[in-house]
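# Per-entry structural report
Take a look at the letters that make up each chain.
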Amino acid sequence: MSTTPRRQGFATAQVQAGYAPGQPQNTAVAPIYQSNAYEFASLADARDLFALRKSGNIYSRNANPTQLVFEERVAALEGGRAAAAVASGQAAVAVTLLALAKAGEHIVAAKQIYGGTVDLLQDTFADWGIEVTFVDQDDLDAWRAAVRPETRALFGESITNPLAQVLDIQAVADIAHSAGVPLVIDNTVATPALIRPGEFGADFVVHSATKYIGGHGTSMGGIVVDLGTFDFGAEPERWPQLTKPYERVRDLVLWDRFGADGFAFVALVKSKYVHDLGPSISPFNAFQLLQGTETLELRMARHSASALAVAEFLATHPAVATVHHPLLPTSPWNDLAKRYAPRGVASVFAFDLVSTGDAERDWEKVQTFVDSLEVVKLVANIGDARSMVAHPASMTHSHLTEEQFAEAGITWTTIRLSIGLEDPADVIADLARSLDLVSDVVAEAEEALSSTR
Ligand SMILES: *Cc1c(COP(=O)(O)O)cnc(C)c1O
C-alpha cells in the first residue's frame, strides 16, 4: 500500500481544509470563536508565545481560531503555504505591499487595477515615500522598462474590473523574477476556482474576500496567500525585514525561523502590519467567508455560465455597441482567457450602449436603462449572489479625467454588470426590456442622422 496521502481535490478542500473537528465539543463546522484573548497555560507559555518561539493564540488583533481555519482553507485552494486574513481586500493589498516595499522603494503596477488600489498606491503610498509606476498591463516592454534597482514587487489583477481584461500572468511573473522581485496577483475577480495564479508563476495572491469568496454580499474581508515560491534568502540584503534580526523580537530572523515552513512572510504581515495598523478580521466575518468558500466552485461555475449567456445575448442587441467579455471571440483577451481560465471567466464584465454622440443624451439614455432594471440591482459591489449593475463613469470612475477614461477604455455609455445566481433567463429578460426602452433613442438618433445627410 502506498504511504503517500492522496492529494485531495479542490471541492474537498473548499469544505474541509483547515478544520478537523476535535475537543472539547467536536463541532462538525468550524465555530465562531468570539473571544478577544486567550488564557495562557503558564507565564512561561506566555513568554514563548510573545517571543514567537511557539505558535498559538494571544490576542485576536493578531489572530483568531476561526480566522485561522479560513486562512488555511484559502491557502489550500490557491495551492499556497500560508495566509493572513484581514478586515477587507483593501487591507490585504496594503499590508502585503507594505511588507515588501518601504519608503524609498518602488512598485510596478498595472494601471487597469481596482480604483481603490490605485488610490492607495498613487496617493497614500506616495505620502509614505513608496513610489509606484503604473503600466498598461498588456505592454510587456512597459513592465520591463519600469523596473528599477529599488523595485520590490510587480502587481496586477488576474482579471480586471470592469472590462474583464485577462493578464498574461506567466509573462509578467518572468519579468518579476528576472528582476529578482515577486509578482503579487489580486485574484479577487477570478477566484482560485477559475484561475490559480501560482500555477503561472505568481508568488503572492491577494483577495477581496468581500466579493466571490464570501459570495453573498454580507461580509467584508481580505486575505493574502504566500504561495511559498519566492526565496527572500537569495538576495538577503534586499529584504532586511525578513533576513535581518527582527526589531520587535530580539534575536529572531523571520526568514531563518519560518522560511522553511513557508510562514515567514505571513509572520511579518501579522506581527508587524496587522498588529500595528489593526485591520483585523472579525471572527464572525471569518466564519461567514468560510461558509462562502464551501460553495465557491459551484457558484463560480454558475456565475460564469450565466454571464457568458448574458454577454452572448447583449452582443446580438442593436442598442449595444460593444461587449467586453473575454470569452467572446471578438475580445482582444480571448486567447489569454482560453489559456488562463479554461473553466470560464468570472461574471464581472461590461458593455457599451450605442452612443448618441451627445454626452447629455447619452447620460439620459444610461439613466433610463439603469433605472428601469428590476432583477438587476444598482449596487456598488461585485461577486454577490444577486446580479448588479453599475455605471463606472458616474460611480466608481467618476474622479477620472476624460483622458484617463479613454486610457481605461471606459466611455460615458459603459455599463458594468456582475451577474449573480438567479435564473439567467430572468436576468436576460430584464436587460432586454431595459434595452428596448433605449433602442428608441438609438433609432431616433439614426433617423436624425440620416435626415441631415
Ligand atoms: C473590491 C476590490 C478590492 C477591495 O476590497 P474591499 O474588500 O472592498 O476592501 C480590491 N481588489 C479588487 C479587484 C476588488 O474588486
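What counts as what
- Residues numbered from 1 in each chain as written.
- Predicted model: local features only at pLDDT ≥ 70, side-chain atom pairs only at ≥ 80, totals over all residues.
- Heavy atoms only, no water.
- Helix = DSSP H or I, 4+ residues; strand = E, 2+ residues; numbered from the N terminus.
- Rg over C-alpha atoms; globule rule 2.2 N^0.38 Å.
- Buried < 20%, exposed > 50% of the residue type's maximum accessible area, 1.4 Å probe, protein only.
- Contact = heavy atoms within 4.5 Å.
- Areas by Shrake-Rupley, 256 points an atom, 1.4 Å probe, with all protein chains shown as cover.
- Domains from an automatic or database assignment.
- Buried area = accessible area lost by both parts, 1.4 Å probe.
- Salt bridge = Lys/Arg side-chain N within 4 Å of Asp/Glu carboxyl O.
- Polar contact = N/O pair within 3.5 Å; in protein donor to acceptor, adjacent residues only side chain to side chain.
- Core = buried A, V, L, I, M, F, W, Y, C linked by side-chain atoms within 4.5 Å.

A count of helical and extended segments in the chain gives 16 helices and twelve strands. Its C-alpha atoms give the chain a radius of gyration of 23 Å, within 12% of the compact-globule value 22 Å for 453 residues. Viewed in the frame of its principal axes, the chain has a C-alpha envelope of about 90 × 50 × 45 Å. Burial statistics for the chain: of 453 residues in total, 54% are counted as buried. In the chain, the share of contacts with a sequence separation of at least 24, taken over all contacts with a separation of at least 6, comes to 73%. In the structure as shown, the chain presents an accessible area of about 19800 Å², 53% of it carried by carbon and sulfur atoms.

Segmentation of the chain into domains returns domain 1 (43-293) and domain 2 (296-451). For domain 1 versus domain 2, the separation of C-alpha centres amounts to 31 Å. Counting from both sides, the interface comprises 33 residues of domain 1 and, opposite them, 37 residues of domain 2. For the pair domain 1 and domain 2, the summed buried surface comes to about 3000 Å²; carbon and sulfur atoms form 61% of the total. Among the residues of domain 1 in contact with domain 2, L163, L194 and Y212 are the three that bury the most area, contributing 26% of the side total. Inspection of the domain 1/domain 2 interface yields two salt bridges. The interface formed by domain 1 and domain 2 contains 18 residue pairs in polar contact (both at pLDDT 80 or more). If you tally residues by element for the side of domain 1 that touches domain 2, the top one is helix 7 (residues 169-178), at three residues.

The next thing to look at is the nonpolar core. Among the nonpolar cores identified, the biggest contains 132 residues, and F70, L97, L314, F349, F351, F369 and L417 are the most heavily contacted of them. In terms of residues, this core owes the most to one element, helix 4 (residues 89-100), which gives nine residues. Each of domain 1 (43-293) and domain 2 (296-451) contributes no fewer than three residues to this core. With residues up to four places along the chain from it excluded, the contact list for L314 reads V320, V323, F349, F351, L417 and L435.

With that out of the way, let us pick up the pattern of salt bridges. It is possible for side chains bearing opposite charge to pair when their charged atoms get close. Applying the stated rule across the entire model yields 17 salt bridges. When the shortest N-O distance is used, the salt bridge between E105 and K102 registers 3.1 Å. With relative accessibility at 45%, the residue K102 sits in the partly exposed group. The shortest N-O distance in the salt bridge between R238 and E235 comes to 3.8 Å. Judged by its relative accessible area of 17%, R238 is buried.

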